[in-house]
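What follows is the residue order along each chain.
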Amino acid sequence: MPASSTDHSPGEDAAASAAEIRAGVPLLEPPGWAVAQRALFDLLDHGWRRFARDFTGPDGRLNYTGRLTTRDGVDDFYEVFFNWPQLYLLGGADDLLAASAKHWEGVTAHLTELDMLRDEYERGYDWFHQGESLLLLYFLCMADPERWSERALRFADLYVDPVHGNYDPSRLIVTRPHNGSDPDRQGVTDGDVYPWLQKEADTYGYPLEWLPEAQDGPYPLSADPRLGARMRERMGVGDTAVNLAVAGLILNAWVLSGEQRYRDWIVEYVGAWRDRTEANGGLIPDNVSPDGEVGGLLEGRWYGGHYGWSWPHGWHSVGHAACVAALAAAVTTGEDDYLSMVGTSLDELISRAKLMPFTEADSSLRSKWAVELAGDVDKPTLHLPFRHNDSGWFDYNPVTLPVPMALWHYTASDADRARLEQLREADGLDWRTVRPFRAKEESGHEKAWFAFLAGDDPDYPERILAAAQAQVRHRLRRIERYRDLEVDEADIHVWQQCNPVATEALVQLTWGGPQVLYNGGLQQARLRYHDARARRAGLPRDVAALVTSIDPEATTVELVNLSPEEERTVIVQAGALAEHTIGSVRYTTCTDEGWIGDMYDYGHTEPVVGESETACDGAFLTVRLPASTRIRMTLRLELRTRTPSYRSPFATSADEPNGATEEETA
């Protein structure tokens, strides 16, 4: 990746060398969004403490005394806490990082006792679920890279080093759909038949429906050939598109270490999938046989692989994994061409879109959309097909934006923005609507956020913050209801349903970024913040932030210090990984020092506000906020001009896990 001048020379504190400006506009009437944002931080602090008290033990593990009878379940233990260190990075409580680490350690010890892990890592499972499990680790690495670096690199080496059996460098494939730390874990189940429940079969159907044996049914699930020997033979070996999510694990190792071998692996593996996509007419295939051939075990079909286009989730799994991988390749190389395999696949689905009420769709995710659409289930809305089999495209669902938003946020290109605008224009629903729901992915409000960024909905910040508060309070009631539940294996999702940490609104409003791609992505953001006095990541106490534009040439953010007595100092960081350069900043200043009036003035007059501009040339900008002040800044960002890193602005280069300067790694 290209890099410009370094933020700091070896041994120098980057915060000390950053450009500095000072807020001078008095805070007369605090904006509602700022007050609501700080109130949400306070409520979230109460929420995570309450959850930890009622659902976890002294070592941080979840209160669970049962067994796990299948390969499934590891993700459900880690997912509960996935956004806790993310909240710390946003500005959550000082002790939240230590608490998050304790829960990772406790859950890991517990799952090891349950024989689900080996050497702290998943023994072998699909990457739809592994990607979910690892989000907690990625955020811990982002918040405390020195502590987590060794572990994260060890996990990445399970794939980068072929000795572990997960990767075949001659065929450029991950060798099996269920992979991890145990090379002896083969196939897709420990038993004779894949443990598919009747409810799941009714919802998602069966794999390998085209097999002649499948036509002789119906079979009981315990004897269905599609779930037994045929599934092991045709879907239990070779590569599958959802394995692309492993690129997030390798990208995390590269960001931590800067080691070339991690970049090389991403280029090699993701590049092979890009080539397969181009050979398939721009639509990413979902399976590669052990000999490296697409469709080699499925009579030439580009679809039909494990967690692929046909079964069970289609685009919901394939698209997200491909986006995680394409972004990883683009980040490590600086070449956006890797994103094409996602864009062309997405555009293929869009070309087959239908405008119809959800009640007329054949969606396999009916419970999801019944909640998210609420009273609009009968209104015509744009639907895309999520799945494909021998009969063609099917499983139509309303347009979801995590993938197209991730693409546009990364590239800032006119083409990626135009795709979003075209989807909005074709949709039958008002994208400004903020619906009161919270999915486990902690996303789903991208449409309303995009409308806000487009300048169409100035009230969005207060409405999304109110929705977030409502969801936290709802989950606090859930905690009260279920805290004494004796959780068994069928109930393990109750913890996710009670997790009171809601971060989507804060990620959008303060960082100017989309929520992380849930199946294993790394965080995207235009800006992040550090507390200069506390020397830690996150907004300082009493400070609120609102990003209203993410145009690189005019990334606009307002900072407000609600404290009536104390000055706060914020270090603004360009990019989630300090990968951007702040070229300059224009900011509001108060030009009338006499606005307060005299001793006989019983009111106040509005201050006269002007603008100043300061040149910058780094990833960090220091902003001093005297008590009861606000500042509006427009930053000109040069995107992706620096080597991505989890480095802190307070650490010298020698302190960082990857101690090389940018000039050395560029």
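Residues numbered from 1 in each chain as written. Predicted model: local features only at pLDDT ≥ 70, side-chain atom pairs only at ≥ 80, totals over all residues. Heavy atoms only, no water.

Visitor: An account of the nonpolar core is needed here, citing residue identities and associated values.
Guide: Among the nonpolar cores identified, the biggest contains 207 residues, and L249, W495, Y529, L559 and M633 are the most heavily contacted of them. With 13 residues, the single largest contributor to this core is helix α12 (residues 315-333). Setting aside residues no more than four positions away along its own chain, W495 makes contact with F51, F55, L62, N63, Y64, D76, F77, V80 and V487. The next biggest cluster of nonpolar side chains, apart from the first, holds six residues, and it includes I571, A578, A619 and F620. (Core = buried A, V, L, I, M, F, W, Y, C linked by side-chain atoms within 4.5 Å. Buried < 20%, exposed > 50% of the residue type's maximum accessible area, 1.4 Å probe, protein only. Helix = DSSP H or I, 4+ residues; strand = E, 2+ residues; numbered from the N terminus. Contact = heavy atoms within 4.5 Å.)

Visitor: Could you give me a rundown of the environment of R528, with the residues and numbers involved?
Guide: Secondary-structure assignment places R528 in strand β12 (residues 527-531). Put simply, R528 and V501 are 27 residues apart on the chain and 19 Å apart in space, counted from C-alpha to C-alpha. Among all residues touching R528, those that are not within four sequence positions of it are L89, M142, W511, A537, I571, V572, Q573, G575 and A576. Polar contacts involving the side chain of R528 include one to the main-chain carbonyl oxygen of A576, which spans 3.0 Å. (Polar contact = N/O pair within 3.5 Å; in protein donor to acceptor, adjacent residues only side chain to side chain.)

Visitor: Break down the packing of helix α2 (residues 32-55) against helix α18 (residues 460-482) for me, with residues and values.
Guide: Contact geometry for α2 and α18: axes closest at 10 Å, N-to-C directions at 20°. Relative to α18, the element α2 lies roughly parallel. Between α2 and α18 the crossing geometry is left-handed. Residue composition of the contact of α2 with α18, by class: 15 nonpolar, five polar and five charged. (Axes fitted to C-alpha atoms, helices over the stretch in contact; angles between N-to-C directions. Parallel < 35°, antiparallel > 145°, perpendicular 65-115°, else oblique. Left-handed = near helix turned anticlockwise from the far one by under 90°. Nonpolar A, V, L, I, M, F, W, Y, C, P; charged D, E, K, R; others polar.)

Visitor: Can you explain the packing of aromatic side chains? Please cite residues and give values.
Guide: Taken as a whole and assessed by the stated rule, the structure comprises 30 aromatic pairs. When the ring centre of Y338 is taken as reference, the NZ or CZ atom of R274 above it lies at 4.1 Å. The residue whose ring lies beneath K354 is Y396, and the NZ or CZ to ring-centre distance is 4.6 Å. (Phe/Tyr/Trp six-rings, centres within 6.5 Å; stacked < 30°, edge-to-face > 60°. Lys NZ or Arg CZ within 6 Å of the ring centre and 35° of its normal.)

Visitor: Break down the sheet that holds strand β9 (residues 354-357) for me, citing the residues and quoting the values.
Guide: Spatially, β9-β10-β11 is the arrangement adopted by the three strands of the open sheet, whose pairing is antiparallel. Only two strands of the sheet have a single neighbouring strand rather than two, namely β9 and β11 (392-398). Between one strand and the next, the sheet's axes are offset by a mean angle of 50°, whatever the strand orientation. Looking at chain direction, strand β10 (residues 380-389) and β11 are connected through six bridges and run antiparallel. Of the residues in β11, the one forming a bridge with L384 is N397. (Pairing = 2+ DSSP bridges.)

Visitor: Tell me about the side chain of Q130, and name the residues and values.
Guide: With respect to the helices and strands, Q130 occurs in helix α6 (residues 127-143). There is a polar contact of 2.8 Å between the side chain of Q130 and the backbone oxygen of Y125. Beyond its immediate stretch of four places on either side in the chain, Q130 contacts Y121, E122, Y125, Y159 and N179.

Visitor: So what's going on with the pairing of strand β17 (residues 581-590)? Which residues, and what values?
Guide: Of all 10 residues in β17, nine are buried; the element is thus mostly enclosed. Pairing of β17 with strand β20 (residues 629-638) involves six bridges; the strand directions are antiparallel. Within β20, the residue paired with T581 across the bridge is E638. Relative to strand β18 (residues 609-618), β17 runs antiparallel, the two sharing eight bridges. Looking across to β18, one finds that R586 is bridged to E613.

Visitor: Can you lay out a negative patch on the surface for me, pointing to particular residues and giving the numbers?
Guide: Residues D275, E278, E335 and D337 make up a contiguous surface patch of negative charge. With respect to the secondary-structure elements, D275 resides in helix α11 (residues 260-279). (Patch = residues over 30% accessible without salt bridge, like charges linked within 9 Å, V, L, I, M, F, W, Y side chains within 5 Å. Areas by Shrake-Rupley, 256 points an atom, 1.4 Å probe, with all protein chains shown as cover. Salt bridge = Lys/Arg side-chain N within 4 Å of Asp/Glu carboxyl O. Lys, Arg positive; Asp, Glu negative; His and termini not counted. Charge placed at Lys NZ, Arg CZ, Asp CG, Glu CD.)

Visitor: Go over the sheet that holds β12, please, and point to the residues and values.
Guide: In space, the five strands of this open sheet follow the order β1-β19-β16-β12-β13, with mixed pairing throughout. Sheet topology places β1 (19-22) and β13 (536-537) at the edges, where each strand pairs with a single neighbour. Strand direction decides the pairing type here: β1 and strand β19 (residues 620-625), joined by four bridges, are parallel. From the neighbouring strand, I21 faces β19, where its bridge partner is V623.

Visitor: Describe the side chain of N519, and please don't skip the residues or the numbers.
Guide: You can see N519 is positioned in the loop between α20 (504-511) and β12. The class for N519 is buried, based on a relative accessible area of 4%. Within the structure, the side chain of N519 is placed 2.9 Å from the backbone oxygen of F128, a separation counted as a polar contact. N519 has contacts with W127, F128, G131, E132, A245, H316, H320 and V324, leaving out every residue within four places of it along the chain.

Visitor: With reference to specific residues and values, describe the packing of α11 against α12.
Guide: Between α11 and α12, whose axes approach to 9 Å, the crossing angle comes to 135°. Overall, the two elements α11 and α12 adopt an arrangement that is oblique. Helix-helix and strand crossings are classified by hand; for α11 and α12 the assignment is left-handed. Here R263, I266, V267 and V270 of α11 come into contact with α12, specifically with A325, A326, A328, A329, T332 and T333. Residues that form the contact of α11 with α12 fall into these classes: seven nonpolar, two polar and one charged.

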